Structures are given as structure tokens and as C-alpha cells.
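Listed below, chain by chain, are the residues.
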Amino acid sequence: MLSQKLQDAINSQINLEMASSYAYLAMAAHFEANSLPGMANWMRIQANEETSHAMKLFDYLCERGGKVVLKPIAEPRHDYETPLAVFEDALHHEQTVTASINTLYGLAQAEIDYPTQVMLQWFINEQVEEEANATTAIDQLKMAANNPSAILMLDQMFGARVPEAAGAE
Ligand code: FEO
């Protein structure tokens, strides 16, 4: 049985993953409104991945006999000056998620809860990938600077992103 402290922390993580999904969906809406459908596609896929992260934790909590308690999600940011500013915000967001996962892992260690530690290893690896993806996008957008042709080429590239296979997201 999970400790109450760990249950509360996992519920907070579910909230953060759902807030991430909401934030990425707002970024998708921003790109749709600014005629950058490829970047919107990238953000839509990311939003869906975040929902699946929340559901992994949701299912885990149920499996361990805990109770899922959903908390409110704040209104995300809707407007940005440039595509670069959007991806910088995405990276900042991922860094916050990474810190939260690491804190959760530390708590699972302190509580000597081995199954939770094993479950969280997937998230630890995922965060390395999520931060790397956002960093690559930032580097490419910096290279493109304010060149419209380069931005449109990147938009096409981001438009080629496809959802990961079920379970791998
Ligand atoms: Fe589920 Fe992007 O953190």
C-alpha cells in the first residue's frame, strides 16, 4: 500500500502532467492562429503525450490501491512574440517537470517504496528525451533567426512529427 504522502505527491504529478498537456495545447492554438500548422502539429502531439503521462500515473495509483484526486489546472499562456519564445517556454516547462519527477523519486526512496521507484524510472528517461527535443527545436529556431523561409522550412519539419507508438510516449 502506498503511503498517503506518496499518494499526494503522485496526485500532484498527475496535475502537473495535465497542466503540461493544457500548456502545449495552448501553444498549438497559438501556432494555428499564426499559420504555422507544422509547429501546431508538434504541440498537439506533445499535448497528447502529456495526457498519456498523466494516465500512466493515474493507472499506477489505482493499481496500488490509492485514490486519484484531480486538482484544478490554471489557465495556460496563450500568446508569444516568436516561435522561439514558445519553445523556450516549453523547455522551461520540461525542466520544472524534471525537477518534480526527481523530487518524487527521492520521496519514493525515502519511503522505501521500490515499485514506485521502478515506475518512475520510465519518467526519468522520458524527461531526458523531452528536454533534448525542446533544446533541439530551440537551437534550430535560433539558426533560423527571423528568416521567414527558414521558419517555414522548420514548420514543415515539425509538421512531420508523428505520435509515438502506444506505450512509448
Ligand atoms: Fe510529461 Fe513533458 O513531461
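Residues numbered from 1 in each chain as written. Predicted model: local features only at pLDDT ≥ 70, side-chain atom pairs only at ≥ 80, totals over all residues. Heavy atoms only, no water.

> Honestly, the nonpolar core in this entry has me stumped. Any pointers?
Among the nonpolar cores identified, the biggest contains 23 residues, and M27, F31, M39, M43 and F87 are the most heavily contacted of them. If you list the elements that add at least two residues to this core, you get helix 1 (4-33), helix 2 (37-63), helix 3 (83-110), helix 4 (114-144) and helix 5 (148-159). Here M39 is in contact with F31, P83, F87, L141, I151, L154, D155 and F158, once residues within four sequence places are set aside. Counting residues in hydrophobic clusters, the runner-up holds 19 residues, among them L2, V68, Y105 and F123. (Core = buried A, V, L, I, M, F, W, Y, C linked by side-chain atoms within 4.5 Å. Buried < 20%, exposed > 50% of the residue type's maximum accessible area, 1.4 Å probe, protein only. Helix = DSSP H or I, 4+ residues; strand = E, 2+ residues; numbered from the N terminus. Contact = heavy atoms within 4.5 Å.)

> I would appreciate a short explanation of the packing of aromatic side chains in the present structure.
Two measures describe an aromatic ring pair: the distance that separates the ring centres and the angle between the ring planes. Throughout the structure, instances matching the rule amount to 5 aromatic pairs. Ring plane angle 70° and centroid distance 5.0 Å describe the contact between W42 and F87, whose orientation is recorded as edge-to-face. With W42 in helix 2 and F87 in helix 3, this residue pair connects regions lying 45 residues apart in the sequence. Judged by relative accessible area, which is 9%, W42 ranks as buried. Here the aromatic rings of W122 and F123 are separated by 5.0 Å at their centres, their planes lie at 80°, and the arrangement is edge-to-face. Looking at F123, the relative accessible area reads 1%, which means it is buried. Joined through ring pairs, the aromatic side chains of F31, W42, F87 and F158 make up one cluster. The ring of W122 carries the charged tip of K56 above its face, separated from the ring centre by 4.2 Å. Lying over the aromatic face of W42, R161 brings its terminal NZ or CZ to 4.5 Å of the ring centre. (Phe/Tyr/Trp six-rings, centres within 6.5 Å; stacked < 30°, edge-to-face > 60°. Lys NZ or Arg CZ within 6 Å of the ring centre and 35° of its normal.)

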